[in-house]
Amino acid sequence: MGIESVAVEPAAPVAATPVDPAALDALIADLRAALADVRLLTDATDREAYRLDETAYLAAGLPGAVVFPADTAEVSTILRLASRHRVAVVPRGAGTGLSGGAAGIEGALTLVLTRMNRILEIDPDNLCVVTQPGVINADLKAAVAREGLFYPPDPASYETCSIGGNLGTNAGGLCCVKYGQTRDWVLGLEVVLADGTVIRTGGKTVKDTAGYSLTHLFVGSQGTLGLITEATLRLRPMPGPRATLLAFFASVVAAGEAVAALTRGGLVQVTLELLDRETILAVDDAHQLGLDRDAAAMLLVESDAPGTAAAAELDAAEAAIRAAGSTSIVRAADATEADWLRHARRLALRALEMKGTVRMEDVGVPRSRVPELLAGIEKITAAHKVRCATFGHAGDGNLHPNLIFDRDDPEAARLTHVVRDEIFRLALDLGGTVTAEHGIGSARREWLPIQRGEGAVAAMRSIKAALDPLRILNPGRVL
Ligand SMILES: Cc1cc2nc3c(=O)[nH]c(=O)nc-3n(C[C@H](O)[C@H](O)[C@H](O)COP(=O)(O)OP(=O)(O)OC[C@H]3O[C@@H](n4cnc5c(N)ncnc54)[C@H](O)[C@@H]3O)c2cc1C
């Protein structure tokens, strides 16, 4: 089916599938009987903290109960009992998601994995780590770094998001240009299915073609197919310190041309991030970095090549960036300054949140189309007079237009929706995607059939029906 043939309805707020209160009460009674020591929140004030993820502009349901299992056996028991009572379960890690995937469903059970936060084994001989899902990304990175090893996936939220959530969303981040997304670092998983069955999809073996690749199916499935309770993740030796370059431009499209030129030139930096003027100003206001406040756009380029190769890689990048029309280029003086610049980029969303409510989108296009995407976003937001700050992982063709609005103004909120739909259409027309790393969740569901086509969505529904026939796992998300 062509993408033009589906009409787009304005999105409703997050679907809050009602759960039968009597079924939830029966489930709570059974949970207390089967797992006397499990941490279970039933007080409304406590549950309120689990209503939303970081998708602040969406409405969401209040969970009927929130449970914190301590191990795989407890997860299995909880899912078996939830299946028995047909109570929907929302898997949740640290709740930093940007698609409403871990947001509450009215009266359902939210299952939080943050207590399963042990790194089980670091195996330098096989360059891998075995971990529970509740470990925070930055803690895993730090633990393997002490062994001289490196786990690359680094969402900007890496100090607060969990490995389970990274697996649930197939998280990206600031180094995907060189190292890929979370999925590229997964060797195997332990997964609890909707009926409580525990399965393993792989292990420490680097090459493994036995059967279908269930590992790749569960990664990015946003808790709709199974609950990940353990992961074996690939590692690599720790690269050297990063060399960093900042380049400023008189237009965002010129910055986009530089991104396309770097890709065309086969220059694989570890980081290639873009910030537009609105983002530069917000980051500079928040952190006083002395950025060029007159620039229309900025690129942050990093190399982690060994030894002198890093400087040579930046020299090559600088030549391509100059040719694309950069107005000024500066290099970080040392690794500390480079770390601080990267840190400031990671805080871009927080800096923008000081300006208003932020609706963050996550479109991706083939990298040669980045200039067209940037020009189109500018045109659409100007036409609707909507305030927009665009930043993101330009080296992956992945940009985050952030629509800033007053959430108390219903017309402003409605307008962000119209603008979002136009940006989505633009991304698809450029051969791209409506979500490159945050996921469909509940925020973008109506666009899945438009992007993928009904046939592909029907295949996804068949997989869902096979693995979760009672539809208790995160219903209404993704599909
Ligand atoms: C400031 C900021 C910056 C961010 N930067 C990035 C970025 O650069 N790149 C990026 O990709 N994302 C980014 N994000 C989004 C978010 O941090 C990621 O999506 C992250 O992977 C979510 O992890 P979490 O532990 O918070 O998961 P949650 O939000 O709790 O859950 C995310 C999804 O995974 C599912 N899930 C959670 N745990 C499991 C499990 N054990 N098994 C199965 N499913 C599970 C949930 O049901 C949900 O659908 C950012 C968010 C913020 C607030």
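Coordinates for the structure precede this section.
Structure report, in brief. (Residues numbered from 1 in each chain as written. Predicted model: local features only at pLDDT ≥ 70, side-chain atom pairs only at ≥ 80, totals over all residues. Heavy atoms only, no water.)

The phi torsion at N170 lies on the positive side, around 55 degrees, for a residue other than glycine. Relative to the elements of secondary structure, N170 occurs in the loop between helix 5 (163-169) and helix 6 (176-179). At V478, a position not held by glycine, the phi torsion is positive, near 70 degrees. Turning to its location among the elements, V478 is positioned in the segment after helix 16 (454-467). (Helix = DSSP H or I, 4+ residues; strand = E, 2+ residues; numbered from the N terminus.)

Another point: the sheet that holds strand 4 (residues 109-112). Within a sheet, adjacent strands bond to each other through the backbone by hydrogen bonds, running parallel or antiparallel. The 4 strands are arranged 1-2-4-3 in an open sheet whose pairing can be described as mixed. Because the sheet does not close on itself, it has two edges, and the strands there are strand 1 (39-41) and strand 3 (89-92). Across this sheet, the average inter-strand angle for adjacent strands is 20 degrees, counted without regard to direction. Two strands pair when backbone bridges link them, and strand 2 (residues 65-68) and strand 4 are joined in this way by 3 bridges, in the parallel orientation. When the sheet's bridge partners are listed, V66 is paired in strand 4 with T110. Along the sheet, helix 1 (residues 21-34) makes contact with strand 1, strand 2 and strand 4, crossing strand 1 at roughly 155 degrees. (Pairing = 2+ DSSP bridges. Axes fitted to C-alpha atoms, helices over the stretch in contact; angles between N-to-C directions. Contact = heavy atoms within 4.5 Å.)

Here we take up the site of the ligand. Lining the immediate surroundings of the ligand are 37 residues, of which P91, G93, T96, S157 and S162 lie closest. A distance of 2.9 Å is found between an oxygen atom of the ligand and a backbone nitrogen or oxygen belonging to G95. In this structure, an oxygen atom belonging to the ligand sits 3.3 Å away from a side-chain N or O atom of N474. Protein coverage of the free-state accessible area of the ligand, which is 980 Å², stands at 98%. Mapped by element, the contributors of at least two residues to the shell around the ligand are strand 3, helix 5, strand 10 (227-234) and helix 12 (348-353). At 5 residues, the largest contribution of residues to the shell around the ligand is made by helix 5. (Near = heavy atom within 4 Å. Polar contact = N/O pair within 3.5 Å; in protein donor to acceptor, adjacent residues only side chain to side chain. Areas by Shrake-Rupley, 256 points an atom, 1.4 Å probe, with all protein chains shown as cover.)

A few words on the packing of aromatic side chains. A full pass over the atoms with the stated rule returns 4 aromatic pairs. Between F150 and Y179, the ring centres sit 5.6 Å apart and the planes meet at 80 degrees, which makes this aromatic pair edge-to-face. With F150 in strand 7 (residues 149-150) and Y179 in helix 6, the pair connects residues that are 29 residues apart, well separated along the chain. Taken individually, F150 and Y179 each receive the classification buried, so the pair is uniform in this respect. Judged by centre distance (5.4 Å) and plane angle (90 degrees), the rings of F424 and W447 are edge-to-face. Note that F424 is positioned in helix 14 (residues 410-429) and W447 in the loop between helix 14 and helix 15 (448-452), a separation of 23 residues in sequence. Taking relative accessible area as the criterion, W447 reaches 1% and is therefore assigned buried. A network of ring pairs unites the aromatic residues F150, Y179 and W185 as a single cluster. When the ring centre of F68 is taken as origin, the NZ or CZ atom of R39, which lies over that ring, is 4.5 Å away. (Phe/Tyr/Trp six-rings, centres within 6.5 Å; stacked < 30°, edge-to-face > 60°. Buried < 20%, exposed > 50% of the residue type's maximum accessible area, 1.4 Å probe, protein only. Lys NZ or Arg CZ within 6 Å of the ring centre and 35° of its normal.)

Across its 20 residues, helix 14 extends 29 Å between first and last C-alpha, which sits within 8% of the 28 Å expected from 1.5 Å per residue. In this structure D409 caps helix 14, since a side-chain oxygen of it lies 3.0 Å from the backbone nitrogen of E411. (Expected span 1.5 Å × (residues − 1).)

Now for the nonpolar core. F249, L299, V301, I321 and L373 are the most contacted members of the largest nonpolar core, which totals 47 residues. It is helix 14 that provides the largest number of residues to this core, a total of 7 residues. In this structure I321 touches L245, A247, F249, A258, L262, V301, S326 and I329, once residues within four positions along its chain are discounted. Ranked by size, the runner-up nonpolar core spans 31 residues in total, among them V67, V89, L227 and L473. (Core = buried A, V, L, I, M, F, W, Y, C linked by side-chain atoms within 4.5 Å.)

Moving on: the environment of L415. Tracing the sequence through the fold places L415 in helix 14. Put simply, L415 and V386 are 29 residues apart on the chain and 7.8 Å apart in space, counted from C-alpha to C-alpha. The residues contacting L415, other than those within four sequence positions of it, are H384 and V386.

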